[in-house]
Each structure stands twice: as structure tokens, then as C-alpha cells.
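Listed below are the residues making up each chain.
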Amino acid sequence: MQRTERRRDAAIDRSVRRDGIITAVSQGMSDVRPAGKKPVILVVEDEPDERFLASEMLDETGFEVIEAETAERALAILNERGDDVAVVFSDVRTPGTIGGFELARIIGVTWPRIRILLTSGDASDQPSDLRISATFIPKPWRAPEILAWLEDAARHHDTTGDE
């Protein structure tokens, strides 16, 4: 068994034990993206296990993943690589002075071509006052729905980036 397969299997094993936050990715998902330039996804999550699981899932399905523990760090990364990032996948509740909703607002104004996916396990977190285009998926989320949304978002970014 190759090293990446062992890492994926370990990530899937852990995901099943994490109360359904991420369900196992089917074997065929690792071939979702064609060869070539990988879409870049910025994962913003302060919980190391959840960030690792999301990053592993995305990496194994053909995305280039950048990780950030806080919204402030995510903004620093976007200031350096904003033109490369297709999607920001962020938890709503992040440590620091900026949360996920505020991060989404800043991204919507500064980098309008970046698609935004927000998630939260707290039922009181609802994007009703979000004034920009973002998608909200409550936790526990399932890998297939996240991957389908990210694939669509990456395709959208590829087509708008060529204008």
C-alpha cells in the first residue's frame, strides 16, 4: 500500500469516529480531478483534527490545499495568493477578532471571484445577515456534498478567471 493510500485510509478511519462530521470518501473520489493545474482551496479551521480531515479529503481528491487556523491568517494568505485561490472553506467560529461571516464579507469585497463555503456546528450560526454570496452548510456535513459543491465552485473559478 502506498504512503498516500495509508494516509487517506487513516484519515477516513478517523473521520468515521468523529461523530459524522466527515463520512468516508468513496474509493472513486480520488480520481475526481483531471491531471493539470489543481484548484486551490483555503481551509480555515481552528480544530486541528477537523482541519486535517478536510485537508486530506480535498488533497486526495485533486485539490491544492492551503490551511489556516484563523481568519486573520487566511487574510494574510489571500493577500499573497488571492489570485490563485478558487474557494475558501471556513468554519464560522474561528479564534481571533475576525470570524467566518466577517471573513466572507471581506473576501466578497476584496476577492469577488473567490467562492465561499461556510460551515458551523452551532445551530445559532445562520448566514441570514450575510450580504454577499456565500454558501452555508451546517455540521455535521458529508464528504460527497462538500466535494460536489467544491468541484462546481472550482469550475466556476476556472471559467471566470479566464475572462
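Keep in mind that this is a model prediction, so the values were computed, not measured.

Cut-offs and rules
Residues numbered from 1 in each chain as written. Predicted model: local features only at pLDDT ≥ 70, side-chain atom pairs only at ≥ 80, totals over all residues. Heavy atoms only, no water. Buried < 20%, exposed > 50% of the residue type's maximum accessible area, 1.4 Å probe, protein only. Helix = DSSP H or I, 4+ residues; strand = E, 2+ residues; numbered from the N terminus. Arc of directions from axis to C-beta. UniProt positions renumbered as here; feature names shortened; annotations may be inferred. Contact = heavy atoms within 4.5 Å. Pairing = 2+ DSSP bridges. Axes fitted to C-alpha atoms, helices over the stretch in contact; angles between N-to-C directions. Right-handed = clockwise from strand over helix to strand, strands pointing away. Parallel < 35°, antiparallel > 145°, perpendicular 65-115°, else oblique. Left-handed = near helix turned anticlockwise from the far one by under 90°.

Enquirer: Can you walk me through helix 3 (residues 71-81) in this structure?
Expert: In an α-helix, one turn spans 3.6 residues; hence positions three or four apart end up facing the same way. Along helix 3, the positions that sit buried rather than exposed are Ala 71, Ala 74, Leu 75, Ile 77 and Leu 78. End-on, the buried residues of helix 3 take up no more than an arc of 160 degrees, which puts them together on one face. Turned more than 90 degrees from where helix 3 packs its buried face, Asn 79 and Glu 80 sit exposed.

Enquirer: For this particular structure, what's the right way to read the UniProt feature "modified residue: 4-aspartylphosphate" (unreviewed entry) in the protein?
Expert: Those places that UniProt annotates as "modified residue: 4-aspartylphosphate" (unreviewed entry) correspond, in this numbering, to Asp 91. Relative to the assigned elements, Asp 91 resides in strand 3 (residues 85-91). Owing to a relative accessible area of 8%, Asp 91 belongs among the buried residues under this scheme. Dropping the residues within four chain positions of it, Asp 91 is found in contact with Val 44, Glu 45, Asp 46, Gly 100, Thr 119, Ser 120 and Lys 139.

Enquirer: Just to check I follow, could you spell out the sheet that holds strand 2 (residues 64-68) for this structure?
Expert: The pairing of strands in a sheet comes from backbone hydrogen bonds and takes either a parallel or an antiparallel form. If you trace the five strands from one edge of the open sheet to the other, you get 2-1-3-4-5, paired in parallel fashion. Two strands in the sheet have a free side with no partner beyond their single neighbour: strand 2 and strand 5 (135-138). Neighbour-to-neighbour, the strand axes of the sheet open up by a mean angle of 20 degrees, direction not taken into account. When strand 1 (residues 40-44) meets strand 3, the two strands line up parallel, connected through five bridges. Pairing of Val 43 across the sheet is with Phe 89, part of strand 3. Relative to strand 2, helix 3 is tilted by about 135 degrees, and along the sheet it contacts strand 1, strand 2 and strand 3. In the packing of helix 4 (residues 100-110) onto the sheet, the strands contacted are strand 1, strand 3, strand 4 (115-120) and strand 5, and the crossing angle to strand 4 comes to about 175 degrees.

Enquirer: What should I look at first to understand the pairing of strand 1 in this one?
Expert: Strand residues, when the strand is regular, have side chains that alternate between the two faces of the sheet. Buried residues dominate strand 1, accounting for five of its five residues. Going residue by residue along strand 1, you find Val 40, Leu 42 and Val 44 tucked away on one face and Ile 41 and Val 43 tucked away on the opposite face as well. The pairing of strand 1 with strand 2 spans five bridges and is parallel. Counted as the bridge partner of Val 44 is Ala 68 from strand 2. Once the chain exits strand 1 it traverses helix 2 (residues 48-60) before rejoining the sheet at strand 2, and the crossover so formed is right-handed.

Enquirer: How should I be thinking about the packing of helix 3 against helix 4 in this particular structure?
Expert: When two helices pack together, their arrangement is given by the angle between the helix axes and the distance between those axes. Two elements in contact, helix 3 and helix 4, have axes separated by 10 Å at closest approach and are oriented at 15 degrees. Our classification of the angle between helix 3 and helix 4 gives roughly parallel. As helix 3 runs across helix 4, the sense of the crossing is right-handed. Residues Ala 71, Ala 74, Leu 75 and Leu 78 of helix 3 form the contact with helix 4, whose own contacting residues are Leu 103, Ile 106 and Ile 107.

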